[in-house]
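# Architecture and fold: a report
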Amino acid sequence: MPERVVVVGAGVLGLSCALRLLEAGHRVDVLARELPLETTSAVAAAIWYPYLALPQDKVAAWGATSYDVFARLAGDPATGVSLRRGTELLLAESGDPWWVSAVPALERVAPVAPYRDAWSFVTPVIDMPRYLVWLHDRVLDAGGTVTRMALAALPEGPLVVDCSGLGSRHLADDPTTTPVRGQVVVLEQIGLEEWWLAEEGPTYVIPRTHDIVVGGTDDAGEWDRTPSPATADDILRRAIALVPDLAAARVVRHKVGLRPARSEVRLERVGDVVHCYGHGGAGVTLSWGCAAEVAALADAVRA
Ligand SMILES: Cc1cc2nc3c(=O)[nH]c(=O)nc-3n(C[C@H](O)[C@H](O)[C@H](O)COP(=O)(O)OP(=O)(O)OC[C@H]3O[C@@H](n4cnc5c(N)ncnc54)[C@H](O)[C@@H]3O)c2cc1C
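Position labels on residues start from 1 in each chain and follow its written sequence. Thresholds applied to this predicted model are a pLDDT of at least 70 for local features of residues and 80 or more for the giving and counting of side-chain atom pairs; totals over whole chains, interfaces and linings are not thresholded and use all residues. Note: side-chain values were computed over all heavy atoms of the structure, leaving out hydrogens and water.

## Re helix α5 (residues 229–242)
Selection criterion: Numbering of helices and strands starts at the N terminus; helices are DSSP runs of H or I of at least 4 residues and strands are runs of E of at least 2. Expected helix span is computed as 1.5 Å times (number of residues minus one). The contact criterion used throughout is that any non-hydrogen atoms of two residues lie within 4.5 Å.
Taking 1.5 Å per residue, 14 residues should reach 20 Å; α5 reaches 20 Å between its end C-alpha atoms and fits that length. The inward-facing, buried residues of α5 contact β3 (81–90), β8 (178–188), β9 (195–198), β10 (203–207), β11 (211–215) and β13 (251–261).

## A word on the pattern of salt bridges
As a reminder, the rule being used: Each reported salt bridge corresponds to a side-chain nitrogen of Lys or Arg within 4 Å of a carboxyl oxygen of Asp or Glu. Buried means the residue's accessible area, taken with a 1.4 Å probe over protein chains only, is under 20% of the maximum for its type, while exposed means over 50%, and partly exposed covers the values in between.
The tally for this structure, following the rule as stated, stands at 16 salt bridges. Between Arg84 and Glu193 there is a salt bridge, and its shortest N-O distance comes to 3.3 Å. Here Arg84 is found in strand β3, whereas its partner Glu193 is found in the loop between β8 and β9, with 109 residues between them in sequence. A relative accessible area of 11% means that Arg84 is categorised as buried. Overall, the relative accessible area of 54% leaves Glu193 in the exposed class. As a salt-bridge pair, Arg138 and Asp141 come within 2.5 Å of each other at their nearest N and O atoms. Here Asp141 and Arg138 lie together in helix α3 (residues 128–141), a separation of three residues that amounts to about one turn. Under the relative-accessibility criterion, Arg138 is labelled partly exposed at 27%. One connected set of salt bridges, linked through shared partners, spans Asp96, Arg108 and Asp117.

## Some details on the sheet that holds strand β1 (residues 4–8)
Cut-off, in case you're wondering: Paired strands, in this sense, are two strands between which DSSP finds at least two bridges. The axes used here are C-alpha line fits, helices contributing only the stretch in contact, and every angle between their N-to-C directions lies in the interval 0 to 180 degrees.
A sheet is described by the order of its strands in space; here six strands give the open sequence β6-β2-β1-β7-β15-β14, paired in mixed fashion. For this open sheet the edge positions go to β6 (145–148) and β14 (266–270), each flanked by a neighbour on one side alone. On average, each strand axis in the sheet is inclined to that of its neighbour by 15 degrees, with strand direction left out of account. Looking at chain direction, β14 and strand β15 (residues 273–277) are connected through five bridges and run antiparallel.

If you want it as structure tokens, here you go:
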């Protein structure tokens, strides 16, 4: 019997869960205070990369599922997903990262000074504004609805999926979800194909089809969503040190997002509510793996 499910939140988690629930035969209505392009998810750079999200074993498994889905979506330009090679630079010699099993291949490469280690791998790059529009349209095509609504509390059942990100502080009465502020500068595309990540900063340069996102910052506990000009200058300085050609790129816009950080991602069913929030700096990276688990928990409720 199809069940009616209310999904709270229209970020990458809410929309991915909604689509998987619709595919499983449920009737799905998404309610959200911010619509997709207004969410933190729309600010994400976004690259497949497990960052500021735990526990490691679950993050590696959810990440591996998502990697496979994104790799398939990369075959369709309408999704805004592409597969790109890039390089991560580390300040100290290091063993393989804990998430290595989630990517098809990780190659050691020569680091550039002042870095002491480096590896290169192919990973999905997701142009979030385009991807969220594509995902939203898939939810509607599958018969779901997306409605703007600021909720004072989680709705009554029959089944609610809580993808409220930082909103979980209030809706799930969970003060352990806290903001980690991230500021980025969006540059015009100048023909850059490969991404770069560097431990110092951290600094990242993520080329998308029509622009390049450079960052970043990770200020824990900071709620200020106004871009800081001094921080933008520092981000640009670090990015240009990494990729000197960026000095010629025009600045298109500045953005800030608040990552919903938590000691561990909360993905569990409590009665008629499935909570799915606290994905920190990896909500895109974990989205399809978590959505599959949410759909399985919803079926368990239905059974
Ligand atoms: C600068 C930056 C760069 C990033 N880069 C990456 C990256 O490269 N790769 C990656 O995987 N991740 C990245 N992230 C992290 C990623 O953006 C987040 O983990 C992800 O967006 C979380 O998604 P979400 O759907 O849980 O939350 P959100 O996108 O915040 O959506 C939450 C939804 O809940 C709704 N909501 C909240 N409270 C209420 C309420 N009371 N009533 C109704 N609705 C409510 C909101 O309106 C919204 O629709 C980055 C983040 C930032 C800030």
